[in-house]
Amino acid sequence: MAWSQGCIDRKENTVAKKKYYAVRKGRKTGIFDQWFGPNGAQINVTGFPGAEFKSFPTRAEAEQFLRRMDEENAAEEAGDNKHTTVFTDGGAVGNPGPGGYGVVVLFPDGQRKELCGGYKLTTNNRMELMGCIAALEALPSEAPIVLHSDSRYLVDAVSKGWVYAWQKRGWRKANGEPALNVDLWKRLLILLGEKNVALKWVKGHAGNVWNERCDQLVHEAIRKGNLETDAGYVG
């Protein structure tokens, strides 16, 4: 009986301990609770150029790793004494519905500033644009700015030149349909023309500490009440 019990104990001791895999750079980023399989970490990092990942015994440690990486990257970017780092986000509950925007500004000297605002009735895209506008309006023209947004609508329209084409066609898309949110695009283009701004897309809800903070600010703005009227929204 003692010998059999010993065998059982040894077998139990060989069971692999649970691990959590934090993927900072890969085909899909975030925290995975398995290595193998279609939903595992391996498939997202193997063969991916410059993949960054690490395993941890607890989810909390994996989350801390991703937050620390984002903080270090943001600090390095903001601390070069050359430009100001900005993160923005926006959203609307129900889309359209009550909405808000959130902004985090990281200055080269280490200071941080947060902005947010809410509206009674608006859309996701309008709030993404408003977050960018609010950030740029609050910053001096001479400061080089790197602005991060998780909105493809915003970043691609500028970086791929779509918005400039809409403007040239009298605010119409290539298919002849009218472009949306023209009032906000006009404001944003003026700001982009006045300031030294580089736009960067960041994946939303993927553990980036400043993107997540912006998302919190969005919901805080919506919950605080006294929401403004989005005069440019056309339902």
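The model shown is predicted, which means the values in this text are computed figures rather than measured ones.

**Q** Can you explain unusual backbone geometry? Please cite residues and give values.
**A** P96 follows N95 through a cis peptide bond whose omega is 10°. Structurally, P96 is set in the loop between β4 (84–92) and β5 (97–106). The residue N95 is not glycine, and still its phi comes out positive at about 40°. Within the secondary structure, N95 is located in the loop between β4 and β5. Positive phi, normally seen in glycine, also occurs at W171, with a value near 60°.

**Q** Account for the sheet that holds strand β8 (residues 197–201), naming residues and giving values.
**A** Ordered by their spatial adjacency, five strands build an open sheet running β6-β5-β4-β7-β8, and the pairing between neighbours is mixed. With partners counted over all chains shown, the strands left at the sheet margins are β6 (112–122) and β8, one partner each. In this sheet, neighbouring strand axes are inclined to one another by 20° on average, regardless of whether the strands run parallel or antiparallel. Bridge analysis of strand β7 (residues 145–149) against β8 gives five bridges, and the strand direction is parallel. Bridge pairing links L147 to L199 in β8. Across the sheet, helix α4 (residues 124–137) touches β4, β5, β6, β7 and β8, and the angle it forms with β4 is around 150°. Its contacts with the sheet place helix α8 (residues 209–223) against β4, β5 and β6, and it is angled at close to 140° to β5.

**Q** With reference to specific residues and values, describe the pattern of salt bridges.
**A** Where charged atoms of side chains with opposite charge meet at close range, the side chains can pair. Going through the model one piece at a time under the given rule, you end up with nine salt bridges. When the shortest N-O distance is used, the salt bridge between E114 and R112 registers 3.3 Å. Overall, the relative accessible area of 28% leaves E114 in the partly exposed class. Measuring nitrogen to oxygen at the nearest pair gives 3.8 Å for the salt bridge that ties K160 to D156. Here the salt bridges do not stand alone but share partners, grouping R112, E114, R213 and E220 into one network.

Basis of the calculations
Residues numbered from 1 in each chain as written. Predicted model: local features only at pLDDT ≥ 70, side-chain atom pairs only at ≥ 80, totals over all residues. Heavy atoms only, no water. Helix = DSSP H or I, 4+ residues; strand = E, 2+ residues; numbered from the N terminus. Pairing = 2+ DSSP bridges. Axes fitted to C-alpha atoms, helices over the stretch in contact; angles between N-to-C directions. Contact = heavy atoms within 4.5 Å. Salt bridge = Lys/Arg side-chain N within 4 Å of Asp/Glu carboxyl O. Buried < 20%, exposed > 50% of the residue type's maximum accessible area, 1.4 Å probe, protein only.

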